[in-house]
Amino acid sequence: MTLAFTICSINYLAQAQTLGQSLQEQNPSIEFVIGLVDRLDKVELEPDKIPPFQMLEIDKINIESFDQMCEIYNITELNTAVKPYFIDYFYKNRPDIQNVIYFDPDIIVFDSLKPLEDSLKKYPMVVTPHICSPINDDLNTKETDHLSTGLYNLGFIATSRSEATYHMVSWWKDRLEKDCRIDLCNGLFVDQHWINFVPLFYPNDVLVDKYPGYNMAYWNLHERTVSIQDGKYYINDKPLIFFHYSGYELKKPNEVSKYQNRSSFENRPDIVPLFQYYAQKLKDNFNDYYIKIPCFYIKPPKVKRYKRVRKALQMPFRKVVSLLNR
């Protein structure tokens, strides 16, 4: 049996539901779980806004160091750091599960995952590289960006039950407990740089899958073209399995991704239908409602003392100005 899961806080539930619906439609035999880095008991969701999917709240998987992780991580780092902890939880608590697949919430699955499940019969772990061919211009993103952020995109990782998987997940958990930071000067970009080691540490257990229909996103558009045949999407004439809408925001609907400037809807008309479909799905799944809800575990940043003193010193002057402006 295969379980697919995502991780998000309440503010990303529109994306998570869109992913879940696509999995349900294309792969009805695969179980889907939303790993929720948030507290449902701390917010009153309107009845029609409660997702019709399993939601496993982070406090239920008993991460020993979770309180400390909340102290040191921002919302992106925290949601990323708990990934191997969820994988570990599923294998330890669900003996019926053979495969565990992770997808970022901003992904849509467009076809059957059977080829991926077949790969997991041969390899305990499957990852996808950011790019498979050189980038020959000076636009963003560059090859150096991938050197900074990791060779593999961890918006996706597939695993099957094996000793190699258990060992890797345990090692990954240990590294992400304190070092899942966005700290490029110290060689860290959340969980991704750590996975650079995995094909080296487990050379016979990892498939680096270059299939163009896996994990298509803004970073590999230079090497992949979309076409439609008989109502289905194809990438370089091969079926599109899943598309990753990383960096796309409804508030900026005319931008492919906030992280790049190479591809636009003007110079890449082939991708327009994919994004129109995604935008509508997010609207249908109440994106404007969820996005306003703050994550329970992320506290407001502490205001440094010198800023508090400066604010206090400015208060009398501001009061005078406000009186003069009446």
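Residues numbered from 1 in each chain as written. Predicted model: local features only at pLDDT ≥ 70, side-chain atom pairs only at ≥ 80, totals over all residues. Heavy atoms only, no water.

In the annotation of an unreviewed UniProt entry, the protein is listed under the name Glycosyl transferase and assigned to Flectobacillus roseus.

**Looking at the environment of isoleucine 101**
Condition: A run of DSSP states H or I qualifies as a helix once it reaches four residues; a run of E qualifies as a strand once it reaches two. Both are numbered from the N-terminal end. Any two residues whose heavy atoms approach within 4.5 Å at even a single point are treated as in contact.
Looking at where isoleucine 101 falls in the secondary structure, it is placed in strand β4 (residues 99-103). With 153 residues separating them along the chain, isoleucine 101 and asparagine 254 place their C-alpha atoms 31 Å apart. The contact partners of isoleucine 101, leaving out residues within four places of it in the chain, are Thr2, Leu3, Ala4, Phe5, Leu116, Leu120, Phe156, Ile157 and Ala158.

**Some thoughts on the sheet that holds strand β6 (residues 125-127)**
The condition that has to hold: For two strands to be treated as a pair, DSSP must find at least two bridges joining them. Axes here refer to lines fitted to C-alpha atoms; in helices the fit is confined to the stretch in contact. Angles between the N-to-C directions go from 0 to 180 degrees.
The 7 strands lie next to each other as β3-β2-β1-β4-β7-β6-β10, forming an open sheet whose pairing is mixed. Edge positions in the sheet fall to β3 (54-57) and β10 (206-208), since each of these pairs with one other strand and no more. In this sheet, neighbouring strand axes are inclined to one another by 20 degrees on average, regardless of whether the strands run parallel or antiparallel. Seen against the sheet, helix α1 (residues 13-26) touches β1 (2-8), β2 (31-36), β3 and β4 and runs at an angle of roughly 170 degrees to β2.

**Some thoughts on the side chain of aspartate 106**
Filter applied, for reference: Classification of residues uses two cut-offs on accessible area relative to the type maximum, computed with a 1.4 Å probe and protein chains only: under 20% is buried, over 50% is exposed, and between them is partly exposed. Under this rule, positive means Lys or Arg and negative means Asp or Glu; His and the chain ends count for nothing. We count a salt bridge whenever a side-chain nitrogen from Lys or Arg sits within 4 Å of a carboxyl oxygen from Asp or Glu.
Within the element layout of this structure, aspartate 106 appears in the loop between β4 and β5 (107-109). The side chain of aspartate 106 is buried and forms no salt bridge, while lysine 258, the nearest opposite charge, is found at 8.7 Å. In this view, aspartate 106 contacts Gln15, Phe243, His244, Tyr245, Ser246, Gly247 and Tyr278; residues no more than four positions away in its chain are not counted.

**Overview of unusual backbone geometry**
In this structure, the amide linkage connecting asparagine 140 to the following residue, threonine 141, adopts the cis form with an omega of 0 degrees. Mapped onto the secondary structure, threonine 141 falls in the loop between β6 and α6 (143-149). In this structure, asparagine 236 takes a positive phi of about 50 degrees despite not being glycine. Along the chain, asparagine 236 turns up in the loop between β12 (232-235) and β13 (238-239). On the basis of relative accessibility, which here comes to 34%, the residue asparagine 236 falls in the partly exposed class.

**Description of the packing of aromatic side chains**
Applicable threshold: Classification of ring pairs rests on two measures: the distance between centres of Phe, Tyr or Trp rings, Trp counted by its six-membered ring, which must be within 6.5 Å, and the angle between planes, read as stacked under 30 degrees, edge-to-face over 60 and tilted in between. Here, a charge over a ring is recorded when the distance from Lys NZ or Arg CZ to the ring centre is within 6 Å and its angle to the ring normal is within 35 degrees.
As enumerated under the stated definition, the model contains 32 aromatic pairs in all. With centroids separated by 5.1 Å and ring planes inclined at 75 degrees, the aromatic side chains of phenylalanine 103 and phenylalanine 242 adopt a geometry described as edge-to-face. Taken as a pair, phenylalanine 103 in strand β4 and phenylalanine 242 in strand β14 (residues 242-244) lie far apart in primary sequence, 139 residues in all. The same class applies to phenylalanine 103 as to phenylalanine 242, namely buried. Measuring from centroid to centroid gives 5.0 Å for phenylalanine 156 and phenylalanine 242, while their planes differ by 45 degrees, and the two rings are tilted. Placement of the pair is phenylalanine 156 in strand β7 (residues 156-160) and phenylalanine 242 in strand β14, with a sequence separation of 86 residues. Of the two residues, phenylalanine 156 and phenylalanine 242, both sit in the buried class. Put simply, the rings of Phe243, Tyr245, Tyr248, Phe265, Phe275 and Tyr278 touch in pairs and so form one group of aromatic residues. Against the face of phenylalanine 296 rests arginine 39, its NZ or CZ located 5.2 Å from the ring centre. The aromatic ring of phenylalanine 286 is capped on one face by lysine 49, whose charged end is 4.6 Å from the ring centroid.

**Section: the sheet that holds strand β11 (residues 226-229)**
Spatially, 3 strands are ordered β11-β12-β13 in an open sheet, and the strand pairing comes out antiparallel. Single-partner strands in this sheet number two, and they are β11 and β13. Pairing of β12 with β13, which is carried by 2 bridges, proceeds in the antiparallel orientation. Each residue of the ladder has a partner; that of isoleucine 235, found in β13, is lysine 238.

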